[in-house]
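Secondary and tertiary structure notes
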Amino acid sequence: MTEALTGEAPRLAAVNSLMAAIADTGRDARRGGYSRPVYSSAELELREWFVAEATSRGLAVERDANGVIWAWWDLPARHDDAAAGADPRAGALVTGSHLDSVPGGGPFDGPLGVASALAAFDVLAAREAAGTLARRRAFAIAVFPEEEGSAFGVACLGSRLITGAIDPVRALNLKDERGTTFAEASRAIGLDPDAMGRDELALSRIGDFVELHVEQGRGLNTEEYTDAAGRGPAVAVASSILGHGRWRLSFTGQGNHAGTTLMTDRADPMIAASQAVLAIRSTGAAQPGARATVGRLEPVPGGTNVIASRVDLWMDVRHADDAVTAALVTQIHEQAQRIAALEGCGVELTEESLSATVHFDASLTRALAASTARTIPGAPALATGAGHDAGVLAAEVPTGMLFVRNPSGISHSPEEYVEDDDATAGTAALADALEDLL
């Protein structure tokens, strides 16, 4: 960090105290890490924390019809704008992330971007008060719901609804593991399901969107970027997001008694599903640059002494070339059909979500790189295999991302980690980038 920023060090370092304040929310004693599914008590507590923090800073907080929370730093009112009926928030600069988590996830995925946004705002407000920042547009921090898709199965559900990337009827009928629909969960926290869907006003108010996020791999710690001490730069600028999707394979067989059914008389979907898991792994490994993962498998009815009648498994497939992703899924489906037939079972493939490869806005990415270079010399450009709300919004508005170094390279796990100094540096890079864009 440069000497010019040393006077702002306490405000920049506040990101760490903000993260510490929520460190006990949503801890998962069984899995380890954090489980903060959307609209759970833990996620709602974090949303209340954000609203309190934003309100204490004088930001105007509102929740839209899709459950996104917006905290606005408006421009001073001008008579000519009001007379002309112009929206003073049109074309605003927006930053933010999400507060929900995967089951047993780490502490930084999502909340780091929100905490960094709050701390960066403190820096920007101080600069404006000192006369070194003259804003030309409004600014907002946004918190998106159900980014992980851990409750209702579709990632980035809030940003998909705003952009119209998902049919609201489909979204409202999504169910969590308890059978609660998204409509029911939304209504329970005071949202009107009938009002959900593409939001032209919200989109018109996003001139640029910048999301800071923990790096979810070890790109910043690879030999290409590390120094003599083996330490990589604290921050990177995102270049792209791999195309990715989620599919469910449902294997159906004959439910029966585990003790009375001869091994030769079985049509066991668990055997078919187990072989499919191995086939999915080998298919992904055979394609350079691909990722193919099964992270969830559910037998029905799920008794220890019961041969399942159905087994559902969910797979995640990713590749930079969307055509390759589609071909991999087709190949996996064909393999699953052969495997199921050999076991006397059937199988059905259902697409649950799909996102094309995203290349972030070139002009905005160059601006982020120029800003970041002032405080983080040598900050590289990195592609990521993880999906983000910024990737969904990219189809509608210019978006970009900053990544903060994760020494472990591990994410979606309790071992996810960010050092305090790196979080502070990430906030500094975000604040500088936002100032340049404001």
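Residues numbered from 1 in each chain as written. Predicted model: local features only at pLDDT ≥ 70, side-chain atom pairs only at ≥ 80, totals over all residues. Heavy atoms only, no water.

**What to know about the pairing of strand 14 (residues 381-384)**
On strand 14, burial follows the alternation: Leu382 and Thr384 on one face are buried, whereas Ala381 and Ala383 on the facing-out side are not. Alignment of strand 6 (residues 235-241) against strand 14, held across 4 bridges, turns out to be parallel. What sits directly across from Val237, in strand 14, is Ala381. (Buried < 20%, exposed > 50% of the residue type's maximum accessible area, 1.4 Å probe, protein only. Helix = DSSP H or I, 4+ residues; strand = E, 2+ residues; numbered from the N terminus. Pairing = 2+ DSSP bridges.)

**Focus on the packing of helix 1 (residues 9-21) against helix 4 (residues 111-130)**
One can describe the packing of helix 1 onto helix 4 by two numbers: an axis separation of 8 Å at closest approach and a directional angle of 145°. Between helix 1 and helix 4 lies a crossing of right-handed hand. On the side of helix 1, the interface is formed by Arg11, Leu12, Val15, Leu18 and Met19, while helix 4 contributes Pro111, Leu112, Ala115, Ser116, Leu118, Ala119, Asp122, Val123 and Ala126. Its residues assigned to classes, the contact of helix 1 with helix 4 comprises 11 nonpolar, 1 polar and 2 charged. (Axes fitted to C-alpha atoms, helices over the stretch in contact; angles between N-to-C directions. Left-handed = near helix turned anticlockwise from the far one by under 90°. Contact = heavy atoms within 4.5 Å. Nonpolar A, V, L, I, M, F, W, Y, C, P; charged D, E, K, R; others polar.)

**Some remarks on the packing of aromatic side chains**
Considering all chains together, one arrives at 7 aromatic pairs under this definition. Measuring from ring centre to ring centre gives 5.2 Å for Phe152 and Phe182, while their planes differ by 75°; the resulting arrangement is edge-to-face. Residue Phe152 is found in the loop between strand 4 (139-144) and helix 5 (157-163), and its partner Phe182 is found in helix 7 (residues 182-188); the two are separated by 30 residues along the sequence. Accessibility classification places Phe152 together with Phe182 in one group, the buried group. Through a chain of ring-to-ring contacts, three or more aromatic side chains come together here, namely Trp70, Trp72, Phe144 and Phe209. Stacked on the ring of Trp73, the Lys or Arg Arg135 has its end atom at 3.7 Å from the ring centre. (Phe/Tyr/Trp six-rings, centres within 6.5 Å; stacked < 30°, edge-to-face > 60°. Lys NZ or Arg CZ within 6 Å of the ring centre and 35° of its normal.)

**Thoughts on the environment of Ala188**
Looking at where Ala188 falls in the secondary structure, it is placed in helix 7. Residue classification places Ala188 among the exposed residues on the basis of a relative accessible area of 68%. It is 8.9 Å that separates the C-alpha atoms of Ala188 and Tyr39, two residues lying 149 residues apart in sequence.

**Things to note about the nonpolar core**
Counting residues in hydrophobic clusters, the biggest one holds 52 residues, and the most contacted among them are Trp49, Phe50, Trp73, Leu112, Phe139, Ile141 and Leu368. No other element matches helix 4, which puts 10 residues into this core. Membership of the second largest hydrophobic core comes to 26 residues, among which are Ala140, Ile162, Ile206 and Ala238. (Core = buried A, V, L, I, M, F, W, Y, C linked by side-chain atoms within 4.5 Å.)

**Overview of the pattern of salt bridges**
Inspection of the entire model under this criterion finds 24 salt bridges. Arg27 is the salt-bridge partner of Asp24, the closest N and O atoms lying 3.2 Å from each other. Among the residues examined, Asp24 registers a relative accessible area of 63% and is labelled exposed. You can call Arg27 exposed: its relative accessible area is 51%. Residues Arg135 and Glu128 are paired through a salt bridge, measuring 2.9 Å at the closest nitrogen-oxygen approach. Given a relative accessible area of 11%, Arg135 falls into the buried group. (Salt bridge = Lys/Arg side-chain N within 4 Å of Asp/Glu carboxyl O.)

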